[in-house]
Every structure is written in C-alpha cells, then in structure tokens.
Amino acid sequence: MVDIINIASVAIIPIIMSIILIHGYINKVDLYDCFVEGAKEGFKSAIRIIPYLIAIFIAIGLFRKSGSMEILTKILSPLGRLAGIPQETMPLFIIRPISGSASLGVLKDIITTYGPDSFIGRVSSTMMGSAETIIYTMAVYFGAVGIKDSRHTLGAALVSHLAGTIASVVVCSIVF
C-alpha cells in the first residue's frame with residue numbers, strides 16, 4: 001500500500017501538468033503568457049501576506065513558549081486519548097478550527113519537530129486536509145447571507161472536526 005501511495009505521489013504532479021498543457025494546447029491558449037500572469041499575481045499575493053505570516057508565527061511561538069498551549073493540551077489530552085488523538089497533534093487540533101494560517105504555523109512546528117515522514121507528521125498533515133477553519137468560514141459565509149443564529153452549525157462543525165481528526169488518525173494508522 002505504501003509503495004502505491006509513493007508511486008502515485010511522485011506521478012500525480014507530472015500527470016496534472018500534462019493534462020493542463022494538453023488542454024491549453026487544444027483550446028489554443030497562450031500558455032506562457034497565462035503562466036507569467038499567474039506568477040505575477042502569485043508573487044503579489046506572497047508579498048502581501050508575508051507580514052501576516054510572520055506575525056502568526058511569532059504569536060504561535062509566544063503562545064507555545066509561554067506554556068499556554070501546553071496547559072490547554074494537558075487539559076484536553078485525556079479526551080484526546082479517549083478519541084485516539086496523539087498528544088503531539090493536540091495543538092493542531094485546537095488551532096485548526098480557529099485560524100487556517102495559525103494552524104499552518106503549528107503544522108510547520110510539528111513537522112520541524114517530528115519530521116514529515118513520522119507518524120505524527122503524517123497524521124498532522126492529514127488533519128490539515130480533513131478539517132476546515134470553522135470560525136472564519138462561518139463568519140464569512142453567514143455574514144454574506146445575513147444568518148444570525150449559527151449555534152447548531154458551530155456544534156455540527158466542531159463534531160465534524162473531531163470526526164475528521166479521528167479519521168485522520170485511523171487512516172494513517174492503517175496506511176502507515
């Protein structure tokens with residue numbers, strides 16, 4: 001199973017790139033100009049978000065170094081153990097529903113500490129892909145359509161976050 005995943009992960013990017021190039025060629029799209037325009041926009045976006053990323057990484061560092069994350073992790077660890085969630089991934093479990101950028105910082109920290117190919121690194125990466133930034137998403141979408149009562153949505157979303165986290169642990173335990 002691991003060999004199939006390794007082969008698929010190596011092959012998927014060249015396959016997707018080939019599909020894009022072939023589709024562009026068939027539709028007579030000037031691929032180079034589109035690429036350059038996309039690169040310009042991507043560079044502008046990267047420059048625009050760098051200060052926010054630095055602030056988030058510093059805030060997460062302070063939160064973790066102050067011991068606040070450890071206290072919250074220790075409080076929630078018994079519940080995490082019951083659900084099968086590794087203690088090392090609890091900071092990501094806590095932050096992911098609140099802030100996507102902050103959870104990227106926590107993921108970076110976890111991967112730096114434990115490595116990307118460790119069980120903890122793989123579970124954390126899978127958790128990132130199986131969860132959503134609940135609070136932000138609810139604020140944006142509910143605010144756009146004027147929904148005021150979101151209590152049932154928040155509860156259901158948090159339950160789905162827990163389910164996604166447990167599924168991440170289970171799938172990684174089976175595959176890796």
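Position numbers for residues start from 1 in each chain and track the written sequence from start to end. Only residues with pLDDT of at least 70 get local features here, since the model is predicted, and only at 80 or more are side-chain atom pairs given and counted; chain-wide, interface and lining totals rely on the full set of residues. The side-chain numbers reported here are obtained from all heavy atoms of the structure, hydrogens and water having been left aside.

- In the annotation of an unreviewed UniProt entry, the protein is listed under the name Spore maturation protein B and assigned to Gottschalkia acidurici.

**Details of the overall build of the protein**
Here is step 1: The secondary structure listing takes helices from DSSP runs of H or I that are at least 4 residues long and strands from runs of E that are at least 2 residues long, numbered from the N terminus. Scanning the protein for helices and strands turns up 8 helices and 0 strands.
Here is step 2: Across the protein, helices and strands are ordered from the amino to the carboxyl terminus as α-α-α-α-α-α-α-α.
Here is step 3: Taken along its principal axes, the extent of the C-alpha atoms in the protein is 60 × 45 × 35 Å.
Here is step 4: Each residue is assigned to one of three classes by its accessible area relative to the maximum for its type, calculated with a 1.4 Å probe on protein chains only: buried under 20%, partly exposed between the two thresholds, exposed over 50%. Looking at the protein as a whole, 27% of its 176 residues qualify as buried.
Here is step 5: Taking as baseline every contact in the protein between residues at least 6 positions apart, the subset at least 24 positions apart corresponds to 61%. Contacts are residue-level and defined by heavy atoms, with any inter-residue pair within 4.5 Å sufficient.

**Considering a nonpolar patch on the surface**
Here is step 1: A cluster of nonpolar side chains, namely M1, V2, I4, I5, F119 and F176, defines an oily patch on the protein surface of about 550 Å² accessible area.
Here is step 2: Here the nonpolar patch gets 3 residues from one element, more than from any other, and that element is helix α1 (residues 2-26).
Here is step 3: By the element assignment, F119 lies in helix α6 (residues 119-129).
Here is step 4: Accessibility expressed as a relative area gives 33% for F119, which makes it partly exposed. Each patch is built from salt-bridge-free residues with over 30% relative accessible area, joining like charges within 9 Å and nonpolar side chains (Val, Leu, Ile, Met, Phe, Trp, Tyr) within 5 Å. Values of accessible area rely on a 1.4 Å probe in the Shrake-Rupley scheme; residue burial ignores everything except the protein chains shown. Criterion for a salt bridge: a side-chain nitrogen of Lys or Arg within 4 Å of a carboxyl oxygen of Asp or Glu.

**Details of the nonpolar core**
Here is step 1: Within the largest apolar cluster, 17 residues are counted, with the highest numbers of intra-cluster contacts made by L92, F93, I95, V106, I110, V123 and M127.
Here is step 2: Elements with a contribution of two residues or more to this core: α4 (90-95), α5 (100-114), α6 and α8 (151-175).
Here is step 3: The dominant element in this core, judged by the number of residues it contributes, is α4, at 5 residues. Side-chain atoms within 4.5 Å are what join buried Ala, Val, Leu, Ile, Met, Phe, Trp, Tyr and Cys residues into a set we call a nonpolar core.

**Description of the pattern of salt bridges**
Here is step 1: Tallied over the entire structure, the rule returns 3 salt bridges.
Here is step 2: Among the salt bridges present, the one from R122 reaches D117, with a minimum N-O distance of 3.7 Å.
Here is step 3: In this structure R122 comes out as partly exposed when scored by relative accessible area, which is 24%.

**Re α1**
Here is step 1: Take the number of residues in a helix, subtract one, and multiply by 1.5 Å to get its expected span. The end-to-end C-alpha distance of α1 is 36 Å, a good match for the 36 Å that 25 residues give at a rise of 1.5 Å each.
Here is step 2: Note that bend, as reported per residue, equals the angle between axes fitted to the 7 residues terminating at that residue and the 7 residues originating from it. The sharpest bend along α1 comes to roughly 35°, located at A11, with the proline P14 sitting one to four residues further on.
Here is step 3: Positive phi shows up at K28, right after α1, with a value of about 55°.

**Observations regarding helix α7 (residues 134-145)**
Here is step 1: Under the 1.5 Å per step criterion, the end-to-end length of α7 is 17 Å for 12 residues, consistent within 8% with the ideal 16 Å.
Here is step 2: Taken residue by residue, α7 has I134, M138 and F142 as its buried positions. The arc enclosing the buried residues of α7, seen along the axis, measures out at 30°, which places them on a common side. Across α7 from its buried face, at more than 90 degrees, point the exposed residues Y136, A139, G143 and A144.
Here is step 3: In this fold, the buried residues of α7 make contact with α8. Arc, as used here, means the arc of the directions from the helix axis to the C-beta atoms.

**With respect to the packing of α7 against α8**
Here is step 1: As a rule, the C-alpha atoms of each element are fitted with a line to give its axis, helices using only the stretch in contact, and angles between N-to-C directions run from 0 to 180 degrees. Across the interface, α7 lies against α8 with an axial gap of 11 Å and an inter-helix angle of 145°. The way α7 lies across α8 gives a crossing that is right-handed. Counted together, I134, I135, M138 and F142 of α7 and T153, L154, A157, L158 and H161 of α8 form the full contact between these two elements.
Here is step 2: For this classification, the nonpolar set comprises Ala, Val, Leu, Ile, Met, Phe, Trp, Tyr, Cys and Pro, the charged set comprises Asp, Glu, Lys and Arg, and every other residue, Gly included, is treated as polar. Grouping the amino acids of the contact of α7 with α8 by side-chain chemistry returns 7 nonpolar, 2 polar and no charged. The handedness criterion is simple: a crossing whose near helix is rotated anticlockwise from the far helix by less than a right angle is left-handed, and one whose near helix is rotated clockwise is right-handed.

**Here's the deal with the UniProt feature "transmembrane region" (unreviewed entry) in the protein**
Here is step 1: UniProt positions are given in the numbering used here, feature names are shortened, and annotations may be inferred rather than shown by experiment. Mapped onto this numbering, the UniProt entry gives "transmembrane region" (unreviewed entry) at residues 7-26, 46-63, 129-147 and 153-175.
Here is step 2: In residues 7-26, helix accounts for 100% and strand for 0%; the two terminal C-alpha atoms are 28 Å from one another.
Here is step 3: In this annotation, residues 129-147 is assigned 68% helix and 0% strand; the end-to-end C-alpha distance for the span is 27 Å.

**Overview of the environment of M69**
Here is step 1: Along the chain, M69 falls in helix α3 (residues 68-83).
Here is step 2: For M69, a relative accessible area of 3% puts it in the buried group.
Here is step 3: Leave out the neighbours within four places in its chain, and M69 touches F63, R64, P91, I94 and I95.

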